[in-house]
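Fold and geometry: a report
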Amino acid sequence: MNVASSGESDAAEGRRIKVWFRFVPREGWLPHDQEGLWAVQVGEDTARIENVPFLQNGVAQGDVVRFASDDDGLRWAVGQVEASGGCTIRVLPVPSGPLGRSAKAVHERFAPFGLGGEAFSDEFPLVAFDVRADADMSGIKALLVQGQTDGWWHYEEGCINDAWRNA
């Protein structure tokens, strides 16, 4: 693992931007048709995604995307340049299940796998997990399936790769 020096970290922080994604809203889901993701600009029109998407499919933390700026200065994703090799998995606890509406309890169940992630809100405890390329994908998938079978949560695969499919 590389640790950036203070100067490198400051330089990267100075290039932090928001990249916007458009998508078709899904029926019965959050009524959004766009999502802004934090990124670090790595080229004139490219950026590395720095957080886990809650809504946008086909994108994982660490992916490099190409963007185009509009007249208002917003940067809109127009394609992927490089995949990180990671996956985005989203977990929504079942309110009447053993975890209740607790995003924290979901995080605790996946803590042994060392997954990073974020919770959408207290009102909507959707957890978006960043599953790194070197993660125990078989173990994570087994827990996801078991938890869904047992009524603990629902989950979806926001961005997966061949390693995930084959796990």
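Everything below is about the structure shown above.
A few points on the structure. (Residues numbered from 1 in each chain as written. Predicted model: local features only at pLDDT ≥ 70, side-chain atom pairs only at ≥ 80, totals over all residues. Heavy atoms only, no water.)

As for the pairing of strand 4 (residues 64-69)
- Both strand 3 (residues 46-49) and strand 4 contribute to a ladder of three bridges, which runs antiparallel. Bridge pairing in strand 4 links Arg48 to Val64.
- Pairing between strand 4 and strand 5 (residues 75-82): six bridges, direction antiparallel. Note that in strand 5 the partner of Arg66 across the bridge is Gly79.
- Turn length for the strand 4-strand 5 hairpin, with the two strands adjacent in sequence and antiparallel, is five residues, and the turn residue Gly73 shows positive phi of about 85°. (Pairing = 2+ DSSP bridges. Helix = DSSP H or I, 4+ residues; strand = E, 2+ residues; numbered from the N terminus.)

Concerning the pattern of salt bridges
- Under the counting rule described, the total for this entry stands at five salt bridges.
- In this structure, Arg132 engages Asp130 in a salt bridge whose closest nitrogen and oxygen atoms are separated by 3.3 Å.
- What makes Arg132 partly exposed here is its relative accessible area of 39%. (Salt bridge = Lys/Arg side-chain N within 4 Å of Asp/Glu carboxyl O. Buried < 20%, exposed > 50% of the residue type's maximum accessible area, 1.4 Å probe, protein only.)

What about the pairing of strand 1 (residues 16-22)?
- Of the two faces of strand 1, only the one carrying Ile17, Val19 and Phe21 is buried; Arg16, Lys18, Trp20 and Arg22 on the other face are not.
- When strand 1 meets strand 2 (residues 34-43), the two strands line up antiparallel, connected through seven bridges. The partner of Lys18 across the bridge, within strand 2, is Trp38.
- Bridge count between strand 1 and strand 5: two bridges; the pairing is parallel. Bridge pairing in strand 5 links Trp20 to Trp76.

Digging into the state of the cysteines
- Applying the stated criterion across every chain, the model contains zero disulfides.
- Left unpaired, Cys159 is separated from the closest cysteine sulfur, that of Cys87, by 6.3 Å.
- Classification of Cys159 as buried rests on a relative accessible area of 11%. (Disulfide = S-S within 2.5 Å.)

Observations concerning the sheet that holds strand 9 (residues 153-159)
- The antiparallel open sheet is built from four strands, whose spatial order is 7-8-6-9. At either margin of the open sheet sits one strand with a lone partner, and together these are strand 7 (116-119) and strand 9. The mean angle between the axes of side-by-side strands here comes to 20°, regardless of whether they run parallel or antiparallel.
- Relative to strand 8 (residues 127-131), strand 7 runs antiparallel, the two being bridged by four bridges. Residue pairing for strand 8: Gly117 is matched across the bridge by Phe129.
- Helix-sheet contacts for helix 2 (residues 103-110) involve strand 6 (87-93), strand 7, strand 8 and strand 9, and the interaxial angle to strand 8 is about 20°.
- The sheet strands contacting helix 3 (residues 137-149) are strand 6, strand 8 and strand 9, and the helix crosses strand 9 at an angle near 140°. (Axes fitted to C-alpha atoms, helices over the stretch in contact; angles between N-to-C directions. Contact = heavy atoms within 4.5 Å.)

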